[in-house]
Structures are given as structure tokens and as C-alpha cells.
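The residues making up each chain are set out below.
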Amino acid sequence: MSDLLERLRGRGWRMTAQRRVVAEVLTGEHVHFTADEVLARATERLPEISRATVYNTLGELVSLGEVIEVATEGRAKRYDPNAHHPHQHLVCSGCGAIRDVHPGGDLLAELPPAERFGFTVSDVEVTYRGLCPECAHA
């Protein structure tokens, strides 16, 4: 069983066939599918699943904090099931591929107090951008 499915079961989330299929599609490392990609994969497993059900389920998973919505400039939002594993993202400026990365150090501590402008900082989100090997060779 996937980590996401286990977390959802632990929360007592009502597991309909449609919700289960969406959660199963979001299983794995470096998973960053768009809603349409989730729909296409879910339809392969459960042909009667509707677009509205997939979009509503993704919205619920984001609201529950079980999936992270990743927005990149000029591209569709993507959904990352690794919400409980601290990480940052590496995004290809060419094709939009996204990979999870785990830089060393404490990113929050790296922001000097003078640069916090009185904010009480609770979270850090860093996105690294560049070209993936395929786009770099194109």
C-alpha cells in the first residue's frame, strides 16, 4: 500500500473507489502530475471516473495537507504526494519536468535576521530552475 493511502486510511478518510484510484495514481517518488495527467491515469484504471471527481479529490487532498500543489510559471499546477517529506523542487525551464531535491542545511536558518523584516518565518519554499539533460542536449 502506498504511503499516501496509508496516511489517508489513518485519517479515517472515506475511501471510495474513485478516491482510491486518485491516491494510487499519486503513488511514487518524483510524482508531479497535472490534474489532467491524474485524470488520464485514473481513467485507465477506472473508466467511469469523472473529471469533476478527480479535480474535487485533488482539492480535498491539498486541503487536508496530504498533497502539495506545485505551481510553476506558465504551466499547469502539479500535485506532489510527498507532503510529509520535507523537500524542495528542481524544475526544468525547457520541458517543465520536476524532481524532488533535498539540499543540505537549514534553509530557514540561512535567512539572516535583517532580511526577515520582522516576520516570524514558519516555512521555506525554494525552487531550483535549470535544464534537464534531455533539454540541455536539444
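These figures come from a predicted structure and were not determined experimentally.

(A) The arrangement of the sheet that holds strand S3 (residues 78-80) in detail. The strand order S1-S3-S2 describes an open sheet built from three strands, whose pairing is antiparallel. Here the strands that pair on one side only, and so sit at the sheet edges, are strand S1 (33-34) and strand S2 (68-70).

(B) Just the side chain of Glu66, in detail. Relative to the helices and strands, Glu66 is located in the loop between helix H4 (51-64) and S2. One polar contact links Glu66 to Arg7, side chain to side chain, over a distance of 2.5 Å. A polar atom in the side chain of Glu66 sits 2.8 Å from the side chain of Arg11. Contacts of Glu66, omitting those with residues within four sequence positions, involve Leu4, Arg7, Leu8, Arg11, Leu61, Pro81, Ala83 and His84.

(C) Fine view of the layout of surface pockets. Of the pockets and cavities examined, the largest pocket occupies roughly 340 Å³. Around the largest pocket, the lining comprises 15 residues; the ones closest to its centre are Ile68, His87, Asp123, Val124 and Glu125. Elements that contribute at least two residues to the lining of the largest pocket include exactly S2 and strand S4 (88-92). It is S2 that provides the largest number of residues to the lining of the largest pocket, a total of three residues. Across the lining of the largest pocket, the residue classes break down as six nonpolar, six polar and three charged.

(D) Seen up close, the packing of helix H2 (residues 17-25) against helix H3 (residues 35-45). In the contact formed by H2 and H3, the axes pass within 9 Å of each other and the chain directions differ by 120 degrees. With respect to H3, the element H2 is oriented oblique. Note on packing geometry: the crossing formed by H2 with H3 is right-handed. Residues Val21, Val22, Glu24 and Val25 of H2 pack against Val38, Arg41, Ala42 and Arg45 of H3. The residue makeup of the contact of H2 with H3, split by class, is five nonpolar, no polar and three charged.

(E) Examining the pairing of strand S5 (residues 98-101) more closely. The alternating pattern of S5 places Ile98 and Asp100 on a buried face, while none of Arg99 and Val101, on the opposite face, is buried. Between the antiparallel neighbours S4 and S5 lie five residues, among them Gly96 with a positive phi of about 90 degrees.

(F) Structural context of the pattern of salt bridges. Applying the stated rule across the entire model yields nine salt bridges. Across the salt bridge formed by Asp3 and Arg7, the nearest N and O atoms sit 2.8 Å from each other. With a gap of four residues between them, Asp3 and Arg7 both fall in helix H1 (residues 3-10), about one helical turn apart. Taking the relative accessible area as the measure of exposure, Asp3 reaches 38% and is therefore partly exposed. The residue Arg11 makes a salt bridge to Glu66 at a minimum N-O spacing of 2.8 Å. Taken together, the positions of Arg11 in the loop between H1 and H2 and Glu66 in the loop between H4 and S2 put the pair 55 residues apart, joining distant regions of the chain. Using a relative accessible area of 45% as the deciding quantity, one classes Arg11 as partly exposed.

Scoring rules and cut-offs
Residues numbered from 1 in each chain as written. Predicted model: local features only at pLDDT ≥ 70, side-chain atom pairs only at ≥ 80, totals over all residues. Heavy atoms only, no water. Pairing = 2+ DSSP bridges. Helix = DSSP H or I, 4+ residues; strand = E, 2+ residues; numbered from the N terminus. Polar contact = N/O pair within 3.5 Å; in protein donor to acceptor, adjacent residues only side chain to side chain. Contact = heavy atoms within 4.5 Å. 1 Å grid on protein atoms, 1.4 Å probe; cavity = no way out; pocket = protein on both sides within 12 Å on 5 of 7 lines; lining within 4 Å. Points joined across faces, edges and corners; volume = space filled by probe spheres on them. Nonpolar A, V, L, I, M, F, W, Y, C, P; charged D, E, K, R; others polar. Axes fitted to C-alpha atoms, helices over the stretch in contact; angles between N-to-C directions. Parallel < 35°, antiparallel > 145°, perpendicular 65-115°, else oblique. Left-handed = near helix turned anticlockwise from the far one by under 90°. Buried < 20%, exposed > 50% of the residue type's maximum accessible area, 1.4 Å probe, protein only. Salt bridge = Lys/Arg side-chain N within 4 Å of Asp/Glu carboxyl O.

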